[in-house]
Amino acid sequence: MNRTFRGVAYVSVWVVIWGTVASLMDWMLLTGEVYETASSGQAVTFIAYGAATVVLATRFSGRFLAVADSETTDQE
């Protein structure tokens, strides 16, 4: 698989994960009346989950973006 395509797909999956998890948590906090819509709490929720997603994506990137031995021999 093309390395550029793999990188774009990897980032795209993490954006979907971030959006889904942050939205679910936001929904729980809104229904629990912890904060209101368009408040600073809502922004903090999405920023915090975004930061956590960046950390996780960076930690796992070596596993998914490493060039496999079979790909290296194919390109030579």
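(A) Structural detail: the overall build of the protein. Counting secondary structure elements, the protein contains 3 helices and 0 strands. Counting every position in the protein, which comprises 76 residues, the buried fraction comes to 16%. Considering only contacts within the protein whose residues lie at least 6 apart along the sequence, 62% involve residues at least 24 apart. Summed over all atoms, the accessible surface of the protein reaches about 5,700 Å², with 67% contributed by carbon and sulfur.

(B) Geometry of the side chain of Asp26. If you trace the backbone, Asp26 turns up in helix H1 (residues 3–31). It is Arg59 that comes nearest to the buried, bridge-free Asp26 among opposite-charge side chains, at 26 Å. Beyond its immediate chain neighbours, meaning those up to four positions away, Asp26 contacts Tyr35, Gln42, Thr45 and Phe46.

(C) Main features of the side chain of Thr45. With respect to the secondary-structure elements, Thr45 resides in helix H2 (residues 40–65). You can call Thr45 buried: its relative accessible area is 9%. A polar contact is formed between the side chain of Thr45 and the side chain of Tyr35, at a distance of 3.1 Å. With residues near it in sequence (within four places) discarded, Thr45 still touches Ala22, Met25, Asp26, Leu29 and Tyr35.

Rules used throughout
Residues numbered from 1 in each chain as written. Predicted model: local features only at pLDDT ≥ 70, side-chain atom pairs only at ≥ 80, totals over all residues. Heavy atoms only, no water. Helix = DSSP H or I, 4+ residues; strand = E, 2+ residues; numbered from the N terminus. Buried < 20%, exposed > 50% of the residue type's maximum accessible area, 1.4 Å probe, protein only. Contact = heavy atoms within 4.5 Å. Areas by Shrake-Rupley, 256 points an atom, 1.4 Å probe, with all protein chains shown as cover. Lys, Arg positive; Asp, Glu negative; His and termini not counted. Salt bridge = Lys/Arg side-chain N within 4 Å of Asp/Glu carboxyl O. Polar contact = N/O pair within 3.5 Å; in protein donor to acceptor, adjacent residues only side chain to side chain.

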